[in-house]
Amino acid sequence: RPMRASAVLTEAVDRTRLAAQAQAISVAVIGDGDLPVCGDEGQLVTAVANLLDNAISYSPRGTRVVLGVRRSGETVEISVADEGIGIAEKDLERVFERFYRADPARSRATGGTGLGLAIVKHIATNHGGVVSVWSAEGAGSTFTLRLPLFTGDDDDAMTDGSDETREDDGVDGFD
Ligand code: ATP
Ligand code: MG
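A few points on the structure. (Residues numbered from 1 in each chain as written. Chains lettered and ligands numbered in written order. Predicted model: local features only at pLDDT ≥ 70, side-chain atom pairs only at ≥ 80, totals over all residues.)

Re the overall build of the chain
Stated formally: Strands here mean DSSP runs of E at least two residues long; helices mean DSSP runs of H or I at least four residues long; both are numbered from the N terminus. Exposure classes come from backbone-placed C-beta atoms, where a residue is buried if 20 or more other C-beta atoms lie within 10 Å of its own, exposed if 12 or fewer do, and partly exposed in between. Two residues qualify as being in contact provided that their C-beta atoms, derived from the backbone, are within 7 Å of each other.
Secondary structure assignment for the chain yields six helices and seven strands. What you see in the chain, going N to C, is helices and strands ordered as β-α-α-β-β-α-β-β-α-α-α-β-β. Relative to its 175 residues, the chain shows a buried fraction of 37%. Sequence separation of at least 24 residues holds for 74% of the intrachain contacts in the chain that already meet a minimum separation of 6.

As for the site of ligand 1
Put simply, the rule is: Being near a molecule or strand means, for a residue, that its backbone-placed C-beta atom lies within 6 Å of it. Three categories are distinguished: nonpolar for Ala, Val, Leu, Ile, Met, Phe, Trp, Tyr, Cys and Pro, charged for Asp, Glu, Lys and Arg, and polar for the others, with Gly belonging to the last.
What surrounds ligand 1 is a group of 22 residues, the closest being Arg101, Ala102, Ala105, Gly112 and Gly116. Here the shell around ligand 1 takes three residues from helix α6 (residues 116-126), the largest share from any one element. Taken together, the residues of the shell around ligand 1 break down into eleven nonpolar, nine polar and two charged.

Here we look at the nonpolar core
Test applied: Connectivity within a nonpolar core runs through C-beta atoms within 7 Å, and the core itself is a set of buried Ala, Val, Leu, Ile, Met, Phe, Trp, Tyr and Cys residues.
With 41 residues, the main nonpolar core has Val8, Leu9, Val48, Leu51, Leu52, Val65 and Leu145 as its most contacted residues. Only α1 (5-15), β2 (26-31), α3 (41-57), β4 (64-72), β5 (75-81), α6 and β7 (140-148) provide two or more residues apiece to this core. When residues of this core are assigned to their parent elements, the largest contribution, nine residues, is made by α3. What valine 65 contacts, discounting residues up to four positions off in sequence, is Ile25, Val27, Leu52, Ala55, Ile56, Ser59, Val80, Ala81 and Asp82.

Quick word on the packing of α3 against α6
Note the threshold: For helices, the axis comes from a line fit to the C-alpha atoms of the stretch in contact; other axes are also lines fit to C-alpha atoms, and the angle between any two N-to-C directions lies between 0 and 180 degrees. Helix crossings get a hand from a simple test, with the near helix turned counterclockwise from the far one by less than a right angle marking a left-handed crossing and a clockwise turn marking a right-handed one.
Between α3 and α6, the shortest axis-to-axis distance is 9 Å and the interhelical angle comes to 145°. Considering the relative orientation of α3 and α6, their crossing is left-handed. Contact with α3, carried on its side by Gln43, Leu44, Thr46, Ala47, Asn50, Leu51, Asp53 and Asn54, involves Gly116, Leu117, Ile119, Val120, Ile123, Ala124 and Asn126 of α6 and no other residues of that element. A class-by-class count of the residues in the contact of α3 with α6 yields eight nonpolar, six polar and one charged.

Things to note about α6
Our working rule: This arc is taken over the directions from the axis of the helix to the C-beta atoms.
Restricting attention to buried positions, one finds in α6 the residues Gly116, Leu117, Val120, Lys121, Ile123 and Ala124. All buried residues of α6 fall inside an arc of 165° around its axis, so they share one side. Check the buried side of α6 and you find it contacts α3, β6 (130-136) and β7. Phi for glycine 128, located one or two positions after α6, is positive at around 70°.

A few points about the sheet that holds β4
Backbone hydrogen bonds are what pair the strands of a sheet, in a parallel or an antiparallel way. Inclusion rule: Here, any two strands with at least 2 DSSP bridges between them count as paired.
An order of β2-β4-β5-β7-β6 is seen for the five strands of this open sheet, with the pairing classed as mixed. Among the strands making up the open sheet, the edge pair consists of β2 and β6. In this sheet, adjacent strand axes meet at a mean angle of 15° when their direction is disregarded. As defined by bridge partners, β4 adjoins β5 across seven bridges and the pair is classed as antiparallel. Paired with serine 72 across the strands is threonine 75, a residue of β5. The strands that α1 touches are β2, β4 and β5; relative to β4, the one it contacts most, it runs at about 165°.

The quantities given are spatial measurements derived from coordinates; they are silent on function.
Next comes the structure, spelled out in structure tokens:
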């Protein structure tokens, strides 16, 4: 099931649109959306949406989130960069564990269960990929999902979501 990265990214942005709007956060999509990846589109959308959901949840109002896609060798790198609260060094290696929440997140009035990133890691592994994080406390975080570049010659089977009718949503990228 090869697909273009743009199909995954666009759907993930759609799924988190209301949360972004509620926080006045703008999500910019940049890079080469034509890059092909292979796998379960629904799972990949869930993975990217979970990363976007965190970027939105752990950032101040009015900040910017950048969703990027680029090729690095035989790998497609999908990154979600925020200008949020960041993650302390001591928590960094644990955020992918089930139910783990760093202190500022734990003390938030509303919040999740600490499963989002464990699910992302699971999906990455299922697709022969990895997920990693860079963060600086108080400055922001960047999560990167690395997936194998699809190298089959299955171009005709490629889905790009263009068979669905959708309204122009004003989000940058892939138009
Ligand atoms: P949910 O199950 O609803 O996703 P959650 O967001 O708390 O709950 P994860 O998505 O697994 O769980 O994230 C784990 C923890 O990692 C968060 O509680 C938070 O402390 C930290 N974290 C994740 N993403 C970010 C981010 N972009 N900026 C700052 N902290 C983050
Ligand atoms: Mg989460």
